[in-house]
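Residues per chain, in single letters:
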2 protein chains.
Amino acid sequence: MYQSDYLQNFVQKVFEKIGCPPSEAGLAAEVLLSADLRGIDSHGIARLAGYVRLYDNGRLNPTPKVTIVHETPSTATVDGDRGLGLVVAPQAMKIAMEKAEKVGSGWVSVRNSNHFGIAGYHAMMALEKDMIGWTMTNAAPLVTPTFSLEKLLGTNPVAVAVPANHEPAFVADFASTAVAYGKFEILQRKGLPAPLGWAQDAEGNTTDDSNAVKNGGGLLPLGSDREHGSHKGYGLGAIVDIFSGVLSGANYGPWVPPFATAGFMAAQAGVGLGTGHFLGAMRVDGFRPATEFKENMDTWIQRFRQAKAVEGQQVLIPGDPERESEARRRQEGIPLLEPVVDSLLDLAQRFSIPFERI
Amino acid sequence: MYQSDYLQNFVQKVFEKIGCPPSEAGLAAEVLLSADLRGIDSHGIARLAGYVRLYDNGRLNPTPKVTIVHETPSTATVDGDRGLGLVVAPQAMKIAMEKAEKVGSGWVSVRNSNHFGIAGYHAMMALEKDMIGWTMTNAAPLVTPTFSLEKLLGTNPVAVAVPANHEPAFVADFASTAVAYGKFEILQRKGLPAPLGWAQDAEGNTTDDSNAVKNGGGLLPLGSDREHGSHKGYGLGAIVDIFSGVLSGANYGPWVPPFATAGFMAAQAGVGLGTGHFLGAMRVDGFRPATEFKENMDTWIQRFRQAKAVEGQQVLIPGDPERESEARRRQEGIPLLEPVVDSLLDLAQRFSIPFERI
């Protein structure tokens, strides 16, 4: 187990070594580690080497000038100047929150960014101001819409964070697919098949081949097949893509550039600039007094949590598992897989930053 | 087949007979018939008798005074005064659009309303102004969240309408469940079983019993089971419930009053006022010039529609099936099931309005 402070300090130093200003490197490290703390290991420090590869390939500007290129009192489009999404997204969220402070809500679409870590981090920024936070991002195409043989959408997540009173906040943060791609990577390593309904093969049939997405198949939208509503998961992923990519002037659909996975590095000629995000903040007291709202959220949360459940289970509130993971991992530390530790040791050697395998 | 004008005229007269002012009765009839035209038969004229039952039971105010009870420049809470949701929701959407006109976006939560027809109608109001429209509504509890044995959420739909240039608009309009309850009613009439993954039984096991929801079971969220992401469908339904119910001061969760289904008429003691909606409008040119945006939407739509598809199928754009249905049914008329025609003849007799079975 690795202490989160130790890892976060290491990540910050790596980002500083590629030229990020210390405060931005620190923020990026905090956002990245929040994924590991919350148990979303696929979006955390495991991706650090990938961000460095983005830099090595000229796709990452370590000193971006994030600018508003278009705005109204409650909306804006922000250009991320090819900066780390981990830094661009919190800046965009701050703009959304400033607008919400003034006119009740603020909505910011972002172009020319890249992977921003976990959507939930940015949505949760709104909570301390008694605002509801929204985050979406598009991503490189891995998903075959209903009836499609081509991968046209990313896993395109949505996060919504809602403040409560005595109860912890409601934080939904989910991809618009049946499962995250990381689940296939785990099965691949173990040589295990996947459940049907997660992916399709190159002919469009659902398959238990955990390598299907690499071999001409695709991830299935939430709902898995037409009979179980995959067109709804496709619709949700499409909304995320349009809000993040088309509204901002970023790439969209099959043109979204890949994250820095080895062997597929260059951004293709696209239809816009970089990756797109969409962030929003609504002041709760733009609708009703905040105390009233938050007390009702407590009632909502308590009623759902106390519902009669299937034997051996309980009804969870969105955000419960991640919050419990964070509490545990802040105490006990964060488990890292050996390949992840190897990638960190490579970075440690390259940048002469101390890092010890435990 | 019944001509839509004929039916719409009939519906307007019925609403007038229960006391709605002619202009509101006309609007309500237009919204209701838009469901039949777009092929969403469960939400159209089949529900007319239900609205009248709401009136008969004192749950519907035919002459509501719809008021803004709280607002900021970009947000508002509207009280529907127990009016027809078919009339309250368009009024709320107009308020959202007026705010968007002034400050870029407008977001309106609505309390004290009831069933508002199809979500897509209200979202599509935004299109003519080059705005993106959002609609959500909560509804009476039919859905068992992941691991729950209790029905805590409605089918809670989301609709998003996005303007394009030469292409028809993108209109996603979907419930947050695997399927709509109406699909079970069709199977019940035919005595057929349901596919697994649509509903669970009273013990929380998925079942092919098409009567399960009536017999202690529940509709499953989009995703069907935990392994296939039902917690995401539950999260989406919860977001809709919170935005529609908690934000506005309407009822939420298991307290949302039922639509007027026979035998379950009275609203129970609740936690708020009536049913809740959430409507939003964002000016496209709050983010980038509208022409640029709409041209990119054309590119998006064309790329998806032309994607290589499973044999015998094609990749559809959200809204395609409904638009094709509307074009066909405006020409050919609307097919009505005999029990629906019977219910209309009952209303015709009661209110002395001519109606002929075809």
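Residues numbered from 1 in each chain as written. Chains lettered and ligands numbered in written order. Predicted model: local features only at pLDDT ≥ 70, side-chain atom pairs only at ≥ 80, totals over all residues. Heavy atoms only, no water.

A. The overall build of chain A, seen in detail. Looking only at helices and strands, chain A features ten helices and ten strands. Along the first, second and third principal axes, the C-alpha set of chain A runs to 55 × 50 × 45 Å. Looking at chain A residue by residue over its 358 residues, the buried ones come to 61%. For chain A, the proportion of contacts with a sequence separation of at least 24, taken over those separated by at least 6, is 65%. For chain A, the computed accessible surface area is about 13100 Å², with 50% contributed by carbon and sulfur atoms. (Helix = DSSP H or I, 4+ residues; strand = E, 2+ residues; numbered from the N terminus. Buried < 20%, exposed > 50% of the residue type's maximum accessible area, 1.4 Å probe, protein only. Contact = heavy atoms within 4.5 Å. Areas by Shrake-Rupley, 256 points an atom, 1.4 Å probe, with all protein chains shown as cover.)

B. Broad picture of the relation of the copies chain B and chain A. Rotating chain B by 180° and moving it 0.0 Å along the rotation axis overlays it on chain A with an RMSD of 0.0 Å. With respect to symmetry, the two chain copies, as superposed, fit the operation of a two-fold axis. Residue Gly223 of chain B of chain B places its C-alpha closer to the rotation axis than any other residue of that unit, at 2.3 Å. Both copies share a contact surface, since 99% of the interface residues of chain B are interface residues in chain A too. (Least-squares fit on C-alpha atoms with pLDDT ≥ 70 in both.)

C. Layout of the sheet that holds strand S4 (residues 131-137) of chain B. Residue and element names in this part refer to chain B. The strand order across the open sheet formed by seven strands is S1-S2-S3-S10-S4-S5-S6, and the pairing between neighbours is mixed. The sheet is open, and its two borders are formed by strand S1 (67-71) and strand S6 (170-174), each paired with just one other strand. Here the average twist between neighbouring strands, direction ignored, is 15°. (Pairing = 2+ DSSP bridges. Axes fitted to C-alpha atoms, helices over the stretch in contact; angles between N-to-C directions.)

D. Seen up close, the interface of chain B and chain A. Across the boundary between the two partners, chain B contributes 91 residues, which contact 90 residues of chain A. Across the chain B/chain A interface, buried area totals approximately 7200 Å², and carbon plus sulfur atoms make up 69% of it. Contact with chain A buries surface across chain B, with Phe147, Lys232 and Phe287 of chain B losing the most and accounting together for 11% of the total. At the surface where chain B touches chain A, the tally comes to two salt bridges. Salt-bridge contacts for Glu150 of chain A lead to Arg303 of chain B; the nearest nitrogen and oxygen are separated by 2.6 Å. (Buried area = accessible area lost by both parts, 1.4 Å probe. Salt bridge = Lys/Arg side-chain N within 4 Å of Asp/Glu carboxyl O.)

E. Spatial organisation of empty space enclosed by the protein. The final tally for this structure, using the stated rule, is three cavities of 30 Å³ or more. Estimates place the volume of the largest cavity at around 70 Å³. Every residue lining the largest cavity is listed: Trp134, Met136, Val158, Leu236 and Ile239 of chain A together with Trp134, Met136, Val158, Val160, Leu236 and Ile239 of chain B. If you list the elements that add at least two residues to the lining of the largest cavity, you get strand S4 (131-137) and helix H7 (230-246) of chain A together with S4, strand S5 (158-162) and helix H7 (230-246) of chain B. Residue classes in the lining of the largest cavity are distributed as eleven nonpolar, no polar and no charged. (1 Å grid on protein atoms, 1.4 Å probe; cavity = no way out; pocket = protein on both sides within 12 Å on 5 of 7 lines; lining within 4 Å. Points joined across faces, edges and corners; volume = space filled by probe spheres on them. Nonpolar A, V, L, I, M, F, W, Y, C, P; charged D, E, K, R; others polar.)

F. Quick peek at the confidence of the model for chain A. On average, residues of chain A carry a pLDDT of 96, and 97% of them reach 70 or more. Across the interface, the model reports ipTM at 0.97; the global pTM reads 0.97. (pLDDT = per-residue confidence, 0-100.)

G. Structural detail: the nonpolar core. With 96 residues, the main nonpolar core has Trp300 of chain A together with Trp300 of chain B as its most contacted residues. Setting aside residues no more than four positions away along its own chain, Trp300 of chain B makes contact with Tyr234, Ala238, Asp241, Ile242, Val246, Tyr252 and Gly253 of chain A together with Phe170 and Ile317 of chain B. (Core = buried A, V, L, I, M, F, W, Y, C linked by side-chain atoms within 4.5 Å.)

H. Quick peek at the packing of aromatic side chains. Counted under the stated rule, the structure contains 33 aromatic pairs over all chains. Measuring from centroid to centroid gives 5.8 Å for Tyr2 of chain B and Phe355 of chain B, while their planes differ by 10°, and the two rings are stacked. Note that Tyr2 of chain B is positioned in the segment before helix H1 (4-17) and Phe355 of chain B in the segment after helix H10 (338-351), a separation of 353 residues in sequence. The exposure class assigned to Tyr2 of chain B is buried, which follows from its relative accessible area of 3%. Residue classification places Phe355 of chain B among the buried residues on the basis of a relative accessible area of 9%. Ring plane angle 20° and centroid distance 6.1 Å describe the contact between Trp107 of chain B and Phe278 of chain B, whose orientation is recorded as stacked. Of the two residues, Trp107 of chain B is situated in strand S3 (residues 105-113) and Phe278 of chain B in strand S10 (residues 275-283); the sequence distance between them amounts to 171 residues. Considered together, Trp107 of chain B and Phe278 of chain B belong to a single accessibility category, that of buried residues. One Lys or Arg, Arg47 of chain A, reaches over the ring of Phe259 of chain A and ends 4.8 Å from the middle of that ring. (Phe/Tyr/Trp six-rings, centres within 6.5 Å; stacked < 30°, edge-to-face > 60°. Lys NZ or Arg CZ within 6 Å of the ring centre and 35° of its normal.)

I. Layout of the packing of helix H1 (residues 4-17) of chain A against helix H10 (residues 338-351) of chain A. Residues and elements named next belong to chain A. Running from N to C, H1 and H10 cross one another at 50°; their axes reach a closest spacing of 11 Å. In terms of orientation, H1 and H10 fall into the oblique class. Judged by the sense of rotation from one axis to the other, the crossing of H1 with H10 is left-handed. Of H10, the residues touching H1 (which contributes Phe10, Val14 and Lys17) are Leu344, Leu347, Ala348 and Phe351. Of the residues contributing to the contact of H1 with H10, the split by class is six nonpolar, no polar and one charged. (Parallel < 35°, antiparallel > 145°, perpendicular 65-115°, else oblique. Left-handed = near helix turned anticlockwise from the far one by under 90°.)

J. View of the packing of H1 of chain A against helix H2 (residues 22-37) of chain A. Residues and elements named next belong to chain A. At a minimum axis separation of 8 Å, H1 and H2 run at an interaxial angle of 135°. As judged from the angle between their axes, H1 and H2 are oblique. The chirality of how H1 crosses H2 is right-handed. Note on element contacts: H2 touches H1 through Pro22, Ala25, Gly26, Ala28, Ala29, Glu30, Leu32, Leu33 and Leu37, opposite Ser4, Leu7, Gln8, Val11, Gln12, Phe15 and Glu16. Grouping the amino acids of the contact of H1 with H2 by side-chain chemistry returns ten nonpolar, four polar and two charged.

K. Summary view of the sheet that holds strand S8 (residues 206-207) of chain B. In space, the three strands of this open sheet follow the order S8-S7-S9 (chain B), with antiparallel pairing throughout. Of all strands in the sheet, those bounded by a partner on one side alone are S8 and strand S9 (218-219) of chain B.

L. Here's a closer look at the environment of Val246 of chain B. Relative to the assigned elements, Val246 of chain B resides in helix H7. Considering only alpha carbons, one finds Val246 of chain B and Val271 of chain B, 25 residues apart in sequence, at a separation of 9.3 Å. The residues touching Val246 of chain B, leaving out its near neighbours within four places in the chain, are Arg288, Phe293, Asn296, Met297 and Trp300 of chain A together with Asp241 and Tyr252 of chain B.

M. View of the side chain of Ser210 of chain B. Residue placement: Ser210 of chain B occurs in the loop between S8 and S9. On the accessibility criterion, Ser210 of chain B (6% relative accessible area) is buried.

N. Structural detail: the pattern of salt bridges. All names here are of chain A. Applying the stated criterion across every chain, the model contains 30 salt bridges over all chains. For the salt bridge of Glu326 with Arg38, the shortest nitrogen-to-oxygen distance reads 3.6 Å. Of the two residues, Glu326 sits in helix H9 (residues 320-332) while Arg38 sits in the loop between H2 and helix H3 (48-56), which places them 288 residues apart along the sequence. One salt-bridge network, in which partners are shared between bridges, spans Glu167, Arg305, Asp320 and Arg323.

O. Structural context of the side chain of Asn251 of chain A. All names here are of chain A. Relative to the assigned elements, Asn251 resides in the loop between H7 and strand S10 (275-283). Asn251 sits in the buried class, given a relative accessible area of 5%. At 2.8 Å, the side chain of Asn251 forms a polar contact with the backbone nitrogen of Val271. Once residues lying within four places of it in the same chain are set aside, the contact partners of Asn251 are Asn138, Gly245, Val256, Pro257, Gly270, Val271, Gly272, Leu273 and Gly274. (Polar contact = N/O pair within 3.5 Å; in protein donor to acceptor, adjacent residues only side chain to side chain.)

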